[in-house]
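Fold and contact review
The chain contents come next:
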There are 2 protein chains.
Amino acid sequence: MNAKQLPHVVIIGAGFGGLTAAQKLKNAPIRITLIDKNNYHLFQPLLYQVAIAGLLPSQIAYPLRTIFRKQENLTFQMGEVSSIDFASRFVKLNGSVIAYDYLILAVGGETNFFGMDGVKESALQLKDIDSAVNTRNHLLRMFEKASREADAEKRKALLTFVVVGGGPTGVETAGALAELISHVMRKEYPTIDPAETRVLLLEAGNALIASYPDELRRATHRLLSKKNVEIQYNARLTDFNGQRVRLADGTQIMTHTLIWTAGVKAAEITNQLGVRQAGSGRVRVAESLQMPDHPEVYVIGDAAYLENGNGQPLPMLSTVAIQQGNAVAENIRRAVNGQTQKPFHYKDPGLLATIGRNAAVARLWGISFSGLIAWLIWVGLHIYRLIGFRNRLVVLINWAWDYFFYDNQVRLITRE
Amino acid sequence: MNAKQLPHVVIIGAGFGGLTAAQKLKNAPIRITLIDKNNYHLFQPLLYQVAIAGLLPSQIAYPLRTIFRKQENLTFQMGEVSSIDFASRFVKLNGSVIAYDYLILAVGGETNFFGMDGVKESALQLKDIDSAVNTRNHLLRMFEKASREADAEKRKALLTFVVVGGGPTGVETAGALAELISHVMRKEYPTIDPAETRVLLLEAGNALIASYPDELRRATHRLLSKKNVEIQYNARLTDFNGQRVRLADGTQIMTHTLIWTAGVKAAEITNQLGVRQAGSGRVRVAESLQMPDHPEVYVIGDAAYLENGNGQPLPMLSTVAIQQGNAVAENIRRAVNGQTQKPFHYKDPGLLATIGRNAAVARLWGISFSGLIAWLIWVGLHIYRLIGFRNRLVVLINWAWDYFFYDNQVRLITRE
């Protein structure tokens, strides 16, 4: 059979879901076109480490052409899809048209500011490499400015760091930031009084990592407090203008730094498809991950809305995206072979969040862990996941070295 | 003696000259304020490696606060000096005033476009991390675009890469770029026909690396040609608009990529000092490196103009800057002790340029080397120079690995 006659699968998005699907379809009798706006896959769970100058972008990003160098049934195209014609089965990319037989929408998510435009404009994000590097530059610049600021009030505002959102990302960011300050910055900025620096973690609800069991929420609170993170519950943000944070109860916090981790929604493109959306803009899909009315279109990951057995929507997590990437690859193979589709069932692999070095919380195999043992599990698991890519050995040596010896060289302020 | 009463030495610029001076003054009975617009020292000779995706910015940039963490007589200030008052002996930085007893101007150089504003606007540079990362992103983007361009003429223009300037930087860049194409890009862009890619090196004079002995110039020509770099002599650029290059003889080259390495001048601030300047804006200094009329002000490195024994200006090279950094530290110690100043004499350590992997040209101890042996010398010397910084071990493993196995993960297009 001529390669041109093989069914053409177009995958939009090379996050965890799209990447997994593409890899699982390696030896299938199909042609694949993988599309992403970046030329790399990003290991997003460690993006906060870039923001706190713990890791380099290149340590958590892998060029897609390198990953797929040996996968002969796949072509990569860098670019942003401008529209999709479901009726005629083609996507528009960089001004040209790409026809598909099967389409996998794995477009991922983006930060949700819930309509607070002022916050959106002034807040720092952890969504992609650019925003993480921006955050790193901003944090380091605050220290530089504080080191030469004579006015005590102004200096305190420069040294107050607010993280919004008590989910895993917020917890990890606040913990890592507190450690950066206590371990590194105090040595490098001897003129700054540690007592003037503050890390605040604001949570709108009454618990951190709300979906975790109670003993882990308490452990998280305790571990963060030990690292001098000030946790405020029921703290609902109403405004941030780059100078001060305002809360619903009228409290004001003078700060130039607000890192927003309190919301995710499906990527913008889902609003332009004319499809049925659920909360956070996610596209409703059947259990087979197919789009209603368009069985040749699959939606997976953050952009897909599917409920689990007890009527709860599946969370926007990399573990869901990866499992759905596997499932969609299987269903496309079945479709090509004329077999029936299989419904997707999410297997919860547990929960895991790190709180700075040598402290974490984990829920695995029905058991709760916290402290050093949870942190060792976290390190082991992330090394295992990273090592899935070819030749990460050197990066890992580098990473382990930095992590254990606090001697990284990442603290570069690289642009304005 | 109270620390406040110690003589205050202000060093502007943490390039090779300023950094060396600061380190050499470690145990002197003085206070030092080191100022730089970046928070890192840049190992500039390897900047072209960042541009061709061979090294990461963090592998050639070191945070200054980390370098000087243990030097107690030194304070670092990040910022740009807006003016200098030689009469009252202070510099203005970030809106505040810093008084000095001794001043070291080590402000370095910047790209010289010789008034060609069109070229300046559209050309790529190798001056700092930002411009090198821009160059990397641009090169990779050309390949991405070419891989989906159906029109043969347009594709050829995307795959034509012009390097201007036959000095060491131009030679190294052209050679490394040709290797990136032949070793890496052909594997990652299987749809691109290698015969359509071109690397051109344009030199306005009639020789490459003009200050080297004849046999090395010939070796350079030969080694570059073997790597498929097309060398054009007497090629004087008159215009580049981002679409095509125009030469003085009327030739046009259709290309989107021009990397300019053909000129350096002293940093812009030297024009605002009201001091006597020589060619390329460099500040004329006495043999002691002192500024005429202001013996408490020293100028070193690219920004200083001094002639060697035979009436030739000293070249704008890191080796000159480093030797002058040592000399100025010695002269400041002597000044503080009331001793006479020593004249500076440049000791030429030889010349060394690499032409891609396993090929280089070198002139050391009066002997010319070329090919693999010169390249091994080059690698050894650069490792030695890099290792001068604490704890470069991991970076070096990383670097050697990448260099030998072509397996780096640096090919990220990180921003628009």
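Residues numbered from 1 in each chain as written. Chains lettered and ligands numbered in written order. Predicted model: local features only at pLDDT ≥ 70, side-chain atom pairs only at ≥ 80, totals over all residues.

1. Observations concerning the overall build of chain A
Helices and strands together make up the secondary structure of chain A, namely 12 helices and 25 strands. For a compact globule of 416 residues, the expected C-alpha radius of gyration is about 22 Å, and chain A comes in at 22 Å, within 12% of that figure. Overall size of chain A, expressed as C-alpha extent along the three principal axes, is 75 × 45 × 45 Å. Counting every position in chain A, which comprises 416 residues, the buried fraction comes to 48%. For chain A, the share of sequence-separated contacts (at least 6 apart) that also reach a separation of at least 24 residues comes to 65%. (Helix = DSSP H or I, 4+ residues; strand = E, 2+ residues; numbered from the N terminus. Rg over C-alpha atoms; globule rule 2.2 N^0.38 Å. Buried ≥ 20, exposed ≤ 12 C-beta atoms within 10 Å, placed from the backbone. Contact = placed C-beta atoms within 7 Å.)

2. Thoughts on the sheet that holds strand β24 (residues 360–364) of chain B
The strands making up a sheet associate through backbone hydrogen bonding, with each pair oriented either parallel or antiparallel. All names here are of chain B. Taken in spatial order, the three strands line up as β23-β24-β25 in an open sheet, and their pairing is antiparallel. What marks the edges here is a single partner per strand, and that holds for β23 (351–354) and β25 (367–371). Within this sheet the neighbouring strands show an average axis-to-axis angle of 10 degrees, counted without direction. By the bridge criterion, five bridges tie β24 to β25 in an arrangement that is antiparallel. Opposite Ala362, over in β25, you have Phe369 as the bridge partner. Strands in contact with helix α9 (residues 214–226) are β24 and β25; relative to β25, the strand with the most contacts, it is inclined by about 5 degrees. (Pairing = 2+ DSSP bridges. Axes fitted to C-alpha atoms, helices over the stretch in contact; angles between N-to-C directions.)

3. Some remarks on the nonpolar core
In summary, soluble globular proteins display a tendency toward joint burial of nonpolar side chains. If you look at the biggest cluster of nonpolar residues, it comprises 262 residues, and the most contacted ones within it are Ile11 and Ile104 of chain A together with Ile11, Ile104 and Leu105 of chain B. For Ile104 of chain B, the residues in contact, after removing those within four places along its chain, are Val9, Ile11, Ile12, Gly18, Ala21, Tyr298, Ile300 and Val328 of chain B. (Core = buried A, V, L, I, M, F, W, Y, C linked by C-beta atoms within 7 Å.)

4. Overview of the packing of helix α1 (residues 16–24) of chain B against helix α10 (residues 318–336) of chain B
Residue and element names in this part refer to chain B. In the contact formed by α1 and α10, the axes pass within 7 Å of each other and the chain directions differ by 30 degrees. When the axes of α1 and α10 are compared, the pair comes out roughly parallel. As for the relative orientation of α1 and α10, their crossing is right-handed in sense. Between α1, through Phe16, Gly17, Gly18, Leu19, Thr20, Ala21 and Lys24, and α10, the contact on the second element is made entirely by Ser318, Ala321, Ile322, Gln324, Gly325, Asn326, Val328 and Ala329. Taken together, the residues that form the contact of α1 with α10 break down as seven nonpolar, seven polar and one charged. (Parallel < 35°, antiparallel > 145°, perpendicular 65-115°, else oblique. Left-handed = near helix turned anticlockwise from the far one by under 90°. Nonpolar A, V, L, I, M, F, W, Y, C, P; charged D, E, K, R; others polar.)

5. Quick look at the sheet that holds strand β8 (residues 96–99) of chain B
Residue and element names in this part refer to chain B. On the basis of which strands lie adjacent, the open sheet formed by three strands has the order β6-β7-β8 and antiparallel pairing. What marks the edges here is a single partner per strand, and that holds for β6 (81–85) and β8. Direction aside, neighbouring strands of the sheet carry axes that sit 25 degrees apart on average. Where strand β7 (residues 90–93) meets β8, four bridges bridge the pair, whose relative direction is antiparallel. Residue pairing across strands places Lys92 opposite Val97, the latter belonging to β8.

6. Structural notes on the domain arrangement of chain A
All names here are of chain A. Taken domain by domain, chain A consists of domain 1 (3–111 + 265–336) and domain 2 (117–257 + 351–405). The C-alpha centroid of domain 2 is placed 29 Å from the C-alpha centroid of domain 1. Residue-level contacts link 19 residues of domain 1 with 23 residues of domain 2. Here the side of domain 1 that touches domain 2 is built from residues that sort into 14 nonpolar, four polar and one charged. (Domains from an automatic or database assignment.)

7. Remarks on helix α6 (residues 129–147) of chain B
Over its 19 residues, α6 of chain B extends 27 Å from the first C-alpha to the last, a length consistent with the 27 Å expected when each residue adds 1.5 Å. For α6 of chain B, every residue scored as buried is listed here: Ile129, Ala132, Val133, Thr135, Arg136, Asn137, Leu139, Leu140, Met142, Phe143, Ala146 and Ser147 of chain B. (Expected span 1.5 Å × (residues − 1).)

8. Describing unusual backbone geometry
Its identity is not glycine, yet Asn234 of chain B carries a phi of approximately 50 degrees, on the positive side. Of note, Asn234 of chain B is situated in the loop between β13 (229–232) and β14 (237–240).

9. Quick notes on helix α9 (residues 214–226) of chain A
Residues and elements named next belong to chain A. If you check α9, its first and last C-alpha atoms are 19 Å apart, about what 13 residues at 1.5 Å a residue would give, namely 18 Å. Three or more residues of α9 are buried, namely Leu216, Ala219, Thr220, His221, Leu223 and Leu224. Buried residues along α9 sit against α8 (168–188), β12 (198–202), β13 (229–232), β24 (360–364) and β25 (367–371).

10. Focus: the pairing of strand β7 (residues 90–93) of chain A
Residues and elements named next belong to chain A. On β7, burial follows the alternation: Val91 and Leu93 on one face are buried, whereas Phe90 and Lys92 on the facing-out side are not. In this structure, strand β6 (residues 81–85) lies alongside β7, joined through four bridges in antiparallel fashion. Its bridge partner being in β7, Asp85 is matched across the sheet by Phe90.

11. Let's talk about the environment of Asp193 of chain A
Residues and elements named next belong to chain A. Following the sequence through the fold, Asp193 ends up in the loop between α8 and β12. Judged by local crowding, Asp193 falls into the partly exposed class, with 13 C-beta atoms found within 10 Å. Distance in space between the C-alpha atoms of Asp193 and Leu159 is 9.9 Å, their sequence separation being 34 residues.

12. Remarks on the pairing of strand β2 (residues 31–36) of chain A
Residue and element names in this part refer to chain A. When you tally the buried positions in β2, you get five out of six residues, the bulk of the element. The sheet contact formed by strand β1 (residues 8–12) and β2 spans five bridges and is parallel. By the bridge assignment for β2, Ile12 is matched with Ile35. Regarding the hand of the β-α-β motif, the stretch spanning β1, helix α1 (residues 16–24) and β2 is right-handed. Here β2 runs beside strand β5 (residues 74–78); their pairing, made up of five bridges, is parallel. Opposite Thr33, over in β5, you have Thr75 as the bridge partner. (Right-handed = clockwise from strand over helix to strand, strands pointing away.)

13. Thoughts on the environment of Ile269 of chain A
Residue and element names in this part refer to chain A. Its place among the elements puts Ile269 in the loop between β18 (264–266) and β19 (283–284). In sequence terms Ile269 and Ser82 are 187 residues apart; their C-alpha atoms lie 8.1 Å from each other. Beyond its immediate sequence surroundings of up to four residues, Ile269 is in contact with Val81 and Val107.

14. Side note on the environment of Asn73 of chain B
Residue and element names in this part refer to chain B. Positionally, Asn73 belongs in the loop between α4 (64–67) and β5 (74–78). Judged by C-beta crowding, with 17 C-beta atoms within 10 Å, Asn73 ranks as partly exposed. When the C-alpha atoms of Asn73 and His8 are compared, they prove to be 9.9 Å apart, with 65 residues separating the residues in sequence. In contact with Asn73, not counting residues within four places along its chain, are Ile30, Arg31 and Ile32.

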